[in-house]
Amino acid sequence: MSAATHRALVRRPADSSGRTLVEVAEVRTPRLDPGDVLLAPAVVGICGTDWQILRGLRDDPSPVLGHEGVAHVVEPGDSGLAAGTPVTVNPTHPEDPSFLLGHNLPGLWAERTRIPAAAVRAGLVVPVPADAARPRVAALAEPLAAARYGARIVRHTLRPAALVVWGDGIVGRLARELWRTEEPGPRTLLVGHGDDAVDPHDADLPRLLAGLPSPVAAVICTPRTGTREALTTLDRYVPGTLLVDVHAGLPSGPVPLTAGDIDVAALRTANCGGAPWPPRGEEFARPHGRLLLCGHRGVSGDQLRDAVELLRTTPRLGEQVLTHEVGLEEAADLVNTVLTTSRRRADDRRVLKTAIRVGSRP
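Residues numbered from 1 in each chain as written. Predicted model: local features only at pLDDT ≥ 70, side-chain atom pairs only at ≥ 80, totals over all residues. Heavy atoms only, no water.

Caption draft 1: Seen up close, the overall build of the protein chain. When its secondary structure is counted, the protein chain shows 9 helices and 19 strands. Structurally, the protein chain occupies a C-alpha span of about 65 × 45 × 40 Å along its principal axes. For the protein chain, the accessible area works out to roughly 15,400 Å², and carbon and sulfur atoms hold 49% of it. Distance from the positive charge centre (41 side chains) to the negative charge centre (42 side chains) of the protein chain: 2 Å. (Helix = DSSP H or I, 4+ residues; strand = E, 2+ residues; numbered from the N terminus. Areas by Shrake-Rupley, 256 points an atom, 1.4 Å probe, with all protein chains shown as cover. Lys, Arg positive; Asp, Glu negative; His and termini not counted. Charge placed at Lys NZ, Arg CZ, Asp CG, Glu CD.)

Caption draft 2: Highlighting the packing of helix 3 (residues 135–157) against helix 8 (residues 301–313). With their axes 8 Å apart at the nearest point, helix 3 and helix 8 run at an angle of 120 degrees to one another. With respect to each other, helix 3 and helix 8 are oriented oblique. Seen from above, helix 3 lies across helix 8 with right-handed handedness. Contact with helix 3, carried on its side by Arg136, Val137, Leu140, Ala141, Glu142, Leu144, Ala145, Arg148 and Tyr149, involves Gln303, Leu304, Asp306, Ala307, Val308, Leu310, Leu311 and Arg312 of helix 8 and no other residues of that element. A class-by-class count of the residues in the contact of helix 3 with helix 8 yields 11 nonpolar, 1 polar and 5 charged. (Axes fitted to C-alpha atoms, helices over the stretch in contact; angles between N-to-C directions. Parallel < 35°, antiparallel > 145°, perpendicular 65-115°, else oblique. Left-handed = near helix turned anticlockwise from the far one by under 90°. Contact = heavy atoms within 4.5 Å. Nonpolar A, V, L, I, M, F, W, Y, C, P; charged D, E, K, R; others polar.)

Caption draft 3: Just the layout of surface pockets, in detail. Space inside the second largest pocket adds up to approximately 220 Å³. If you go around the second largest pocket, you meet 15 residues; those closest to its centre are His6, Arg28, Pro30, Pro106 and Arg112. Of all the secondary-structure elements, those providing two or more residues to the lining of the second largest pocket are strand 1 (5–11), strand 2 (22–28) and strand 6 (113–115). A breakdown of the residues in the lining of the second largest pocket according to their chemical character gives 9 nonpolar, 3 polar and 3 charged. (1 Å grid on protein atoms, 1.4 Å probe; cavity = no way out; pocket = protein on both sides within 12 Å on 5 of 7 lines; lining within 4 Å. Points joined across faces, edges and corners; volume = space filled by probe spheres on them.)

Caption draft 4: Representation of the sheet that holds strand 15 (residues 289–295). Across the sheet, which stays open at both edges, the 6 strands sit in the order 9-8-10-11-15-14 with mixed pairing between neighbours. In this open sheet, the two strands that pair with only one neighbour each are strand 9 (187–191) and strand 14 (282–286). Adjacent strand axes in the sheet meet at a mean angle of 20 degrees when their direction is disregarded. As judged from the 5 bridges shared by strand 10 (residues 216–220) and strand 11 (residues 242–246), these two strands associate in the parallel manner. Bridging from a neighbouring strand, Ile220 pairs with Val246 of strand 11. The strands touched by helix 3 within the sheet are strand 10, strand 11 and strand 15, with strand 11 carrying the most contacts at an inclination of about 155 degrees. (Pairing = 2+ DSSP bridges.)

Dropping the structure here:
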């Protein structure tokens, strides 16, 4: 890396079959505008949204992905942070949806990342302790913060006798792990594709949902292509009081439910970046019980800091979710292996959370 260039994990243009792969390439280090901050990512994560982008399920244009991790400040601009300060970046701007780090702006899968002044002024560059630049802490802080936010929303509304976690990826497994610390905890059903989950197309799933004790809380943390199916199945088969927290994204527009056609995407985005509190949600009457709908998008800086602290002080939290730790070159091999095979596996293991070690403190 020279002062003018740095290495990054870059998406190649799609080939003739529509398949996208990645490569480590030398790219130009961005010039900063007044107030911008330049970061040197240390450890970053690969999340479910990144896989959706890589598979062409989203049209986000950034060639460099990545919105989770810990970095060090290289050029602090007007942030008030000293060079070398370890930070994490909140990828969700509470007021400006055009700031989407690693989606429409180059993300953290690089040796240098520019954070625009508007995001800095909004407090999205969050200082963290020096030892947060560890794979488990850096890669899991943002999804853990999201899982804790969702659990807090549910607990604010009711105390569930049963919990359905629909989606057994990173957020879903962290959510289940958090709820298992409750004493006594709710009866839990995990829906997904892992060995310990019920497949969403299992013929026995309707019976299992119908037999859950009421009230039931459900958190949906699927890829956005599976959100509607999860929601309509829960609505159809779970009797009594059902609270659904929609963590996963979904297209705007009405979703046909037994209570009527409901714009669930609008309900989800009503709670953004940790605000407002109490959370917004709506109640609907359906033929076989109440339906309480809410959701959330993004977390606050305080929620990120709290998640970092919890991971730092709870050594085993999330250790089963962090399945792979790789360097930048190894990350390219892992990503391309997953993209060119039918299953999300590498090194004979299912890929959940991958931590990429990008670099050390500059």
